[in-house]
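# Commentary on secondary and tertiary structure
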Amino acid sequence: MTPRRPRTSRTALIVALLVLAPIAAIAWWLVRRGRRHATTTRSAGPSVTRRDSSMAHESTSRAPTPTGAPGRPGVGEDRPRYRLRGLGTARTAITCLALAVLIGVPTTWATLSDQVTTATVSVGGGTVNVPTGITTSQNGSSSLRVTWGAPAAGLAPDAYDVYRSTTAGSFPSILSTPAASPFDDTTAVECTDYYYTVRSRRVNLVSVAGTQAGPLQVDYSAPSVATANAHVIFDPLPLPKVADFIRTSPGNVEVYAQVTDNCATSGLNVSFTFGAPFSTTVAATFGSWQPIAGGPTYNYRYTTTNVGLANAANLAWTVTATDPAGNATTVAGTPATGDGVGPALDPTAPAEIVSGQTNFYSTGLGYGEVVSAGGSAALRTAGFWTYANLVDAAGVSSATADISALRTGGAATALVKGAYASDNGVAWGWRTSAVTVPTVTATNGSMQNFTISATDVLGNAATSTNQQVEIDQTPVAAAAASCSNTGNTSNTLNSGDFTTWNFGDTVDPSSLLASWTGGAASTITGTVIARNNNTSDFVSLNTDFGLTMFTGATYNTSFTLGATNWVTANVNIPSSTFSLIDRMTARLAYGAPASGISDRNSTTTHYFSTSIRDAAGNPVAAGFSETCATSAW
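Overview of the structure. These figures come from a predicted structure and were not determined experimentally. Residue indices follow the written sequence of each chain, beginning from 1 at its first position. Local features are withheld for residues below a pLDDT of 70 in this predicted model, meaning they are given only at 70 or higher, and side-chain atom pairs are given and counted only at 80 or more; totals for whole chains, interfaces and linings count all residues. Computation of side-chain values: all heavy atoms of the structure, hydrogens and water removed.

### Considering the overall build of the chain
Only runs of H or I of at least four residues qualify as helices and only runs of E of at least two qualify as strands under DSSP, and these elements are numbered from the N terminus. In terms of helices and strands, the chain carries 6 helices and 45 strands. The buried share among the 633 residues of the chain stands at 42%. By definition in these notes, contact holds between two residues if any of their heavy atoms fall within 4.5 Å. Here the contacts in the chain between residues at least 6 apart in sequence split such that 67% fall between residues at least 24 apart. What sets the accessible areas is the Shrake-Rupley method with a 1.4 Å probe; for residues, cover comes only from the shown protein chains. Of the roughly 30,300 Å² that the chain leaves accessible, carbon and sulfur atoms contribute 54%. The buried label goes to any residue with under 20% of its type's maximum accessible area, the exposed label to any with over 50%, and the partly exposed label to all in between, with areas taken from a 1.4 Å probe on protein chains only.

Structure, rendered in structure tokens:
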């Protein structure tokens, strides 16, 4: 395709017209004058016509007379007159052209013809008419196609000028000059509106512009659907809305999707198609919504009444979005699940009532302990907490504890959702909002019932079966001690030997070992030191283990061995362990001594302080001691 020369400016065109018009007039006058003189005579003498073969002209003169100066016509004689036959018009044109070149007027007829303002242009007696039926369409995935028909009448064009503009009614520059329709615009930028105009061209003249076609834009990219933001929202007023779950009872169901397109900001065709058991397709509405506070914003929605999905059934659905150019995409929305069952207690850690003093319950026994009105004033002031772990597919909205057997007016004590932990390391998701104080009498040693009621975020409610708590108002009074020689057959303290204490009640592990949060079989490892202080040998526990059961001046020499030479120097017994083998029994197991220990029989005395507490928080009433014969070693 031959590129078109630049269009002449309006100023240059005006100058050209102003200069050429007078020149043309003068040339016309000269031609008329030359023709008139060619037939004029000034004497009656016979004429002579001469053709000079060396010149491209004819000369006409009168015959010479005998008078007058030699070589010159006499008075009254006509001078010879010559005319360039056939060159008068050419001379005028050449003169005009030369003048035009001298003044710098552009001579490109194609440029001048761009200014044609009539519907047709005459060429050699014929006319160049505008093309017909100009249309545009997207051609494949990367170009726009301009199509037109030949002029209905007139001369056949030898080319066409195709103009492109981003503004309606304007065609500032030629995009291409193809010989025939169609023309494919491969430089069109996606998502830009274009207008196209076509002119017929014959030789170097063009017709006026045909009807402008457009707007049209290239768009071959399908809309995008955010799969993370495609949800079924259930609206169980007055509860908050919840995503991806549908209650089997009545309620509003809303389906949302966030759809974007590279070109279109609105006007997309978006629909939702639901799978079995509904198997239907519905049209989505364009807008802006945030159905869940703090959640995402959606721009397409469909609202209907509850679709009646069965409990635990899944509803699959898809989002289909089509842009104005016909590009489409389909993605799967997040499946919705039917939920018609209220919350239930977590079977691994259901619900417990624990003393506010100890914050402990026995996983081995499966219940906690609290005091009632007959317990100590300090424990009644400390009160108790109610813990619960709840499970629900959609999520728990609220929960209450019926503790009427323990506290007057406690039939619906609210639990608050959070992250809690009891002293034995169990994590809880719900707990009563505040420590409560027992105000009713319950029999010591009895088991009392309580229940947990909860509602999920869809409005489904459920109440648990009875849970139990023990009423315990009796402190630990003593501990039966025993020694075992299982590591060797001598009377030497060695690896595998241990001492056991049974307290006859569930013991709060934190009262034995500070910050002990292990389970029933947890083991704390430390070092036992045996030494000779010239009076008696003993095993120091409270320093190495941080034990609180052996504290105070009286109890620093616990495990008195009753022999002055049991060891002759300090001896470390590493890898010794201390644990609660169950919630009533503590055991100290000895590791292998770092050096030799004398073979001695001895009676060991174990002293216990009042820091020991049971699970309800009852402390030891008074310090006591237990003995263990070491002769078994």
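### A look at the side chain of Asn327
Tracing the sequence through the fold places Asn327 in the loop between β23 (317–322) and β24 (328–332). Asn327 sits in the buried class, given a relative accessible area of 15%. Polar contacts here mean pairs of N or O atoms no more than 3.5 Å apart (in protein, one a potential hydrogen donor and the other a potential acceptor; neighbouring residues in sequence count only if both atoms are side-chain atoms). A polar atom in the side chain of Asn327 sits 2.6 Å from the backbone oxygen of Asp219. Leave out the neighbours within four places in its chain, and Asn327 touches Asp219, Tyr220, Ser221, Ala222, Pro223, Ala321 and Thr322.

### Side note on the pattern of salt bridges
A side-chain nitrogen of Lys or Arg and a carboxyl oxygen of Asp or Glu constitute a salt bridge if their distance falls within 4 Å. Summed over all chains, the structure comprises 4 salt bridges. One salt bridge connects Asp184 with Arg145, and the closest N-O pair in it is separated by 2.6 Å. Note that Asp184 is positioned in strand β10 (residues 183–185) and Arg145 in strand β7 (residues 143–149), a separation of 39 residues in sequence. Given a relative accessible area of 28%, Asp184 falls into the partly exposed group. Residue classification places Arg145 among the partly exposed positions, given a relative accessible area of 28%.

### So, the packing of aromatic side chains
To pair, rings of Phe, Tyr and Trp, with the six-membered ring standing in for Trp, must have centres within 6.5 Å; the planes then decide the type, stacked if under 30 degrees apart, edge-to-face if over 60, and tilted in the middle. What the rule picks out here adds up to 16 aromatic pairs. Aromatic pair Tyr387 and Trp428: ring centres 5.4 Å apart, planes at 25 degrees, arrangement stacked. With Tyr387 in strand β30 (residues 384–388) and Trp428 in strand β34 (residues 427–432), this pair connects stretches of sequence that are 41 residues apart. Judged on exposure class, the residue Tyr387 and its partner Trp428 are both buried. Ring-pair connections join several aromatic residues into one group, and the members of that group are Trp501, Phe503, Phe578, Phe608 and Phe624. Over the aromatic face of Phe498 sits the side chain of Arg587, whose NZ or CZ is 4.1 Å from the ring centroid. Whether a charge sits over a ring depends on NZ of Lys or CZ of Arg being within 6 Å of the ring centre and within 35 degrees of the ring normal.

### A look at the nonpolar core
Side chains of a nonpolar character, in soluble globular proteins, are inclined to be buried together. Counting residues in hydrophobic clusters, the biggest one holds 31 residues, and the most contacted among them are Trp501, Phe503, Leu512, Met549 and Phe578. At the level of elements, β40 (523–532), β42 (571–582) and β43 (585–589) are the ones that each hand at least two residues to this core. The leading source of residues in this core is β42, at 4 residues. Every residue in contact with Met549, bar those within four places of it in the chain, is listed here: Phe503, Ser511, Leu512, Phe578, Tyr607, Phe608, Ser609, Ser611 and Ile612. Side-chain atoms within 4.5 Å are what join buried Ala, Val, Leu, Ile, Met, Phe, Trp, Tyr and Cys residues into a set we call a nonpolar core.

### Regarding the sheet that holds β40
For two strands to pair, DSSP has to find at least two bridges joining them. With respect to topology, 6 strands assemble into an open sheet ordered β38-β39-β43-β42-β40-β41, the strand pairing being antiparallel. Each end of this open sheet is capped by a strand with a single partner; those strands are β38 (480–484) and β41 (537–540). Between one strand axis and the next, the sheet turns by 25 degrees as a mean value, whatever way the strands run. Two strands pair when backbone bridges link them, and strand β39 (residues 498–502) and β43 are joined in this way by 5 bridges, in the antiparallel orientation. Bridge pairing in β43 links Phe498 to Ala589. Axes, fitted as lines to C-alpha atoms, cover a helix only where it is in contact. Angles between the N-to-C directions of the axes lie from 0 to 180 degrees.

### Regarding the pairing of strand β21 (residues 298–305)
Of the strand pairs in this sheet, strand β17 (residues 252–260) and β21 are connected by 6 bridges, and their pairing is antiparallel. Across the sheet, residue Ala257 finds its bridge partner in β21, namely Tyr300. Two elements, strand β20 (residues 285–289) and β21, share 3 bridges in a ladder whose sense is antiparallel. In the strand pairing of β21, Thr285 is matched with Arg301.

### With respect to the environment of Thr441
Within the secondary structure, Thr441 is located in the loop between β34 and β35 (447–456). Each C-alpha atom, one on Thr441 and one on Arg407, is 9.0 Å from the other, the two residues being 34 residues apart in sequence. Residues within four places of Thr441 in sequence aside, it is in contact with Ser372 and Ala373.

### Considerations on the state of the cysteines
Pairs of cysteine sulfur atoms within 2.5 Å are what we label disulfides. According to the stated counting rule, one finds 1 disulfide in the structure shown. One disulfide bridge connects Cys191 with Cys263, the sulfur atoms lying 1.7 Å from each other. Disulfide Cys191-Cys263: torsion about the S-S bond near -75 degrees, hence left-handed. Placement of the pair is Cys191 in the loop between β10 and β11 (194–202) and Cys263 in the loop between β17 and β18 (269–274), with a sequence separation of 72 residues. Take Cys263: its relative accessible area is 19%, and that puts it in the buried class.

### Side note on the sheet that holds strand β22 (residues 314–315)
What the 3 strands build is an open sheet, ordered β16-β25-β22; its pairing is mixed. Of all the strands in the sheet, just β16 (245–247) and β22 have a single pairing partner and so form its edges.

### Some remarks on unusual backbone geometry
Geometrically, the link from Ser181 to Pro182 is a cis peptide bond, its omega value of 0 degrees lying close to zero. Residue Pro277 is bonded to the preceding Ala276 through a cis peptide linkage, with omega at 10 degrees. In this structure, Pro277 sits in the loop between β18 and β19 (280–283). The backbone of Ser575 shows a phi angle near 60 degrees, a positive value even though the residue is not glycine.

### Brief notes about the environment of Thr304
Note on placement: Thr304 falls in strand β21. With 50 residues separating them in the primary sequence, Thr304 and Glu254 have C-alpha atoms 6.4 Å apart. Excluding residues within four positions of it along the chain, Thr304 makes contact with Asn252 and Val253.

### Brief notes about the environment of Phe272
Assignment of secondary structure puts Phe272 in strand β18. Residue Phe272 is classed as buried on the basis of its relative accessible area of 0%. Separated by 46 residues in the primary sequence, Phe272 and Thr318 have C-alpha atoms spaced 5.7 Å apart.

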